[in-house]
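Descriptive structure summary
Here is what each chain is made of, one letter per residue.
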Amino acid sequence: MAPKSSAATKQHATPAPAAAPEASPAAAGNALQSLLNAYNQNTSPRLKLIDAFLVFLMISGVLQFLYCVLVTNFPFNAFLAGFGSCVGQFVLTASLRSQVNPANRNEFKDISPERAFADFALGSIVLHFFVYNFLG
Amino acid sequence: MLLRRAAALLALVLTACARSSTGDSVLVVLDPSLDKDAYSTFWAGLTDKGYNLTFRTAKEAQPEIIQDEVAQFSHVVVFAPESKNLAQDLTPQALVSLLDKGTNLLLALSPSKQTTINTLASEFSLVLPPPGTPLISHFPARDAPATVVPVSPPAAHPVLSSGLPPVWFSGVPFAYTPNPLLIPILSAPAESFAADTSSDSGADAVFESADRAGEGLWAGSSLSLVAGFQATTGARVTFVGGVETFSDEFAQKELPQGKSSGNKQFAEDVAGWTFQETNALRIDKVEHHRVNETEPREMYTTNDNVVFTLHVSKFNPIKDTWEPYSGIKDMQLEFTMLDPHIRTSLPPIPGKAGEYSVAFRVPDRHGVFKFVVNHKRKGWTHLESTTVVPVVPPRHDEYPRFLSAAWPYYIGAMSTSAAFVLFVALWLSGDDREGRKKGLKTE
């Protein structure tokens, strides 16, 4: 999770100082609006694709967790598999995002985006193999 | 060769003639003073049933009862109320070791002397009064001495046949402690008591004897006259307060009402029970399997539905065979691991002779379990059976699958995979497009 959050802050940190003086008297909604605008303008479509996937995974994980807490945790192995697939996929995707983000080029000089994607794909396939094994 | 085969066949036929479930050889140990012919009715009854009687006096050493640690007789009758000491192989220890070997004993107590048999009786939870205090009753009015008492047998008793007329008795009564293996067969009449006969001239004698005994008056129906005892080996021993109960004289003696006495039948019933002719049960077979299967499993899974079947036979002394017996209504089955996890009734199956069966669900606990049948009733052979079966949790592929409750999780995992495939497809197509754009730019 750490690389993702640092990447995100870096991503959003760059446009924020430029937008802040313009919206200084505006309300919090305005700040959010400017944040969204900055995100839309300054984020590449590939990162947006990754972010959409991350949001989907988060919603899916939260729904499964709520179902487990509020309805039933039986069979527990199925819950672990379903929830674990969301969490694992989220971690792998977040790692991919930090490695392919142009803003982090300095940190991952020796890892090309193609190499990062291959790592991601292989890791995901292994993850899904275990998930279906455990789903019951 | 032919001769040997014929001899073997003959031996087979001879054993088949036995009327007891354990064998037909009987050793009768008599006092030298006891007239053998005075008991001819009893002997004839036994011989007619198919027993081989061997007579021996109390002091004789031959024939030996135990030879090379093997009991030579299936049953031993000791009618020696006048002998204080018996032969070397009839000491109390020897008699108890005979019980261990499965030999049945019919023992007569002595009313007048402290014999070794009387000593042995106290080892079987019987409490005898001091020597020389026989049973006395002045009721009902009769022309017999006060020590010769007609006793009404209990109306319904597992050992005695029903409708038995009163039985003449002359001998010593005894108290007994509540030993679960002890079966009182004949109780003293309510108006009888134990006292010294020589001074039995009035009510004073009763008080005197009450004082003398030191433990209060030996009187009433709580005293027993004939009691059986079934050892844990299954061997049976019966103590009779007076040997004359089996005599011809008492068998022919008329009751005060003018009817004939029940002594002959009573003697046959007591001997029949003691020699394991009657009330002899055995477990033939124990079966267990899952519902809708026929073969037993090596191990069962938790929550399996299991059928347990028990086959019980009862010895039929008339046909000399073991026959399936469905008459037990209170049989129970326990499924135990340290404690009984399940205790259920094991009812007879209507229409299937001798079969007792029950179906139950194995508890949700794994471990080494036992099917336990432990049926012990007074007067009947104890039925004990223990079958060990391991109960294991389900194997990895035996759990239920595709549960409706788990569908959100299944959908979650599948949607993650689908989203992953979609993501990869979009990524690769986007990569292509960008690469093409880059390529165009560089061009």
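Keep in mind that what you see is a predicted model, and the values were worked out from it rather than measured. (Residues numbered from 1 in each chain as written. Chains lettered and ligands numbered in written order. Predicted model: local features only at pLDDT ≥ 70, side-chain atom pairs only at ≥ 80, totals over all residues.)

**Section: the overall build of chain A**
The line we're drawing: Strands here are runs of E lasting at least two residues and helices are runs of H or I lasting at least four, both read from the DSSP assignment and numbered beginning at the N terminus. Exposed residues have 12 or fewer other C-beta atoms within 10 Å of their own C-beta, buried residues have 20 or more, and residues in between are partly exposed; the C-beta atoms are placed from the backbone. For every residue pair, C-beta atoms are placed from the backbone, and the pair is scored as a contact if these atoms sit within 7 Å.
When its secondary structure is counted, chain A shows six helices and zero strands. For chain A, the α and β elements follow one another from N to C terminus as α-α-α-α-α-α. Relative to its 136 residues, chain A shows a buried fraction of 26%. Contacts in chain A between residues far apart in sequence, at least 24 positions, make up 72% of those at least 6 positions apart.

**Focus: the overall build of chain B**
Scanning chain B from terminus to terminus reveals eight helices and 24 strands. Burial statistics for chain B: of 443 residues in total, 35% are counted as buried. A fraction of 72% describes how many contacts in chain B between residues 6 or more apart in sequence connect residues 24 or more apart.

**Remarks on the environment of G430 of chain B**
Within the secondary structure, G430 of chain B is located in helix α8 (residues 407–442). With 14 C-beta atoms counted inside 10 Å, the residue G430 of chain B sits in the partly exposed group. Beyond its immediate chain neighbours, meaning those up to four positions away, G430 of chain B contacts P45, R46 and L49 of chain A.

**Considerations on the sheet that holds strand β24 (residues 383–392) of chain B**
Hydrogen bonds between backbone atoms are what pair the strands of a sheet, whose relative direction is either parallel or antiparallel. Heads up, the rule is: By definition, two strands form a pair when at least two bridges between them are found by DSSP.
Overall, mixed pairing links the five strands, which are arranged β17-β24-β23-β20-β21 (chain B) in an open sheet. Strands with a single pairing partner mark the edges of an open sheet, and in this sheet they are β17 (300–301) and β21 (339–345) of chain B.

**Focus on the nonpolar core**
Note the following rule: Note on terminology: a nonpolar core is any set of buried Ala, Val, Leu, Ile, Met, Phe, Trp, Tyr and Cys residues joined through C-beta atoms within 7 Å.
V29, V76, V78 and A121 of chain B are the most contacted members of the largest nonpolar core, which has 75 residues in total. Setting aside chain neighbours within four positions, we find V78 of chain B in contact with V29, L90, L107, A108 and I117 of chain B. Counting residues in hydrophobic clusters, the runner-up holds 22 residues, among them L96 and V100 of chain A together with A406 and F420 of chain B.

**Observations concerning the interface of chain A and chain B**
Rules: Each residue is assigned to one of three groups, with Ala, Val, Leu, Ile, Met, Phe, Trp, Tyr, Cys and Pro labelled nonpolar, Asp, Glu, Lys and Arg labelled charged, and all others, Gly among them, labelled polar.
Between chain A and chain B, the contact holds 27 residues from the first and 20 residues from the second. Within the residue set of the side of chain A that touches chain B, elements represented by two or more residues are α4 (45–70), α5 (76–100) and α6 (113–135) of chain A. If one sorts the elements of the side of chain A that touches chain B by residue count, α4 of chain A sits on top with nine residues. Of the residues that constitute the side of chain A that touches chain B, the class distribution is 17 nonpolar, nine polar and one charged.

**A word on the sheet that holds strand β15 (residues 236–240) of chain B**
All names here are of chain B. We count it as follows: Axis definition: a line fit to C-alpha positions, over the contact stretch in the case of helices; interaxial angles, taken between N-to-C directions, run 0 to 180 degrees.
One open sheet accounts for seven strands, arranged β2-β1-β5-β6-β15-β14-β12; its pairing is mixed. The sheet terminates laterally at β2 (52–57) and β12 (182–187), the two strands that pair on one side only. The average undirected angle you get between the axes of adjacent strands in this sheet is 15°. Bridge analysis of strand β5 (residues 75–79) against strand β6 (residues 104–108) gives four bridges, and the strand direction is parallel. Paired with V78 across the bridge in β6 is L107.

**Let's talk about the UniProt feature "transmembrane region" (unreviewed entry) in chain B**
To keep things clear, this is the line we draw: UniProt positions are given in the numbering used here, feature names are shortened, and annotations may be inferred rather than shown by experiment.
Mapped onto the present numbering, the UniProt feature "transmembrane region" (unreviewed entry) falls on residues 407–428 of chain B. Taken end to end, residues 407–428 of chain B is 100% helix and 0% strand, and its first and last C-alpha atoms sit 31 Å apart.

**What about the packing of α5 of chain A against α6 of chain A?**
Residue and element names in this part refer to chain A. Selection criterion: Note on angle classes: values under 35 degrees are labelled roughly parallel, values over 145 roughly antiparallel, values of 65 to 115 roughly perpendicular, and the remainder oblique.
Packing of α5 against α6 leaves a shortest axis separation of 9 Å and a crossing angle of 180°. Looking at the two axes, α5 sits roughly antiparallel to α6. Taken together, the residues of the contact of α5 with α6 break down into 14 nonpolar, ten polar and no charged.

**Some details on the pairing of β24 of chain B**
Residues and elements named next belong to chain B. One ladder, built from two bridges, connects β17 with β24; its direction is parallel. Bridge pairing in β24 links T301 to V392. Relative to β24, strand β23 (residues 367–375) runs antiparallel, the two being bridged by nine bridges. What sits directly across from G367, in β24, is V391.

**Thoughts on the confidence of the model for chain A**
For the record, the criterion: A residue's pLDDT is the predictor's confidence in that residue, given on a scale from 0 to 100.
Across chain A, pLDDT averages 83, with 81% of residues at or above 70. Taken as a whole, residues 1–21 of chain A scores under 50 in pLDDT and shows 24 contacts with residues more than four places along the chain or in a different chain.

**Observations regarding the environment of F420 of chain B**
In this structure, F420 of chain B sits in helix α8. Exposure remark for F420 of chain B: the 22 C-beta atoms within 10 Å place this residue in the buried category. Discounting residues that sit within four places of it in the chain, F420 of chain B has contacts with Q89 and S124 of chain A.

**Quick look at the UniProt feature "transmembrane region" (unreviewed entry) in chain A**
Residues annotated by UniProt as "transmembrane region" (unreviewed entry) correspond here to residues 49–72 and 116–135 of chain A. Helix makes up 100% of residues 116–135 of chain A and strand 0%, whereas the separation of the span's terminal C-alpha atoms amounts to 28 Å.

**Some remarks on the domain arrangement of chain B**
Note the cut-off: Either an automatic procedure or a domain database provided the assignment from which the domain bounds are taken.
Segmenting chain B into domains produces domain 1 (11–274), domain 2 (281–392) and domain 3 (405–442). Inter-centroid distance (C-alpha atoms) of domain 2 of chain B to domain 3 of chain B is 63 Å.

**Considerations on the pairing of strand β14 (residues 224–230) of chain B**
Residue and element names in this part refer to chain B. For β14, the tally of buried residues reaches seven of seven residues, placing the bulk of the element in the interior. Across five bridges, the pairing between β12 and β14 is antiparallel. Bridging from a neighbouring strand, L186 pairs with V226 of β14. The pairing of β14 with β15 spans five bridges and is classified as antiparallel. Bridging across to β15, G228 finds its partner in T238. Hairpin connection of β14 to β15: five residues between the antiparallel strands, including G234 at a positive phi of 95°.

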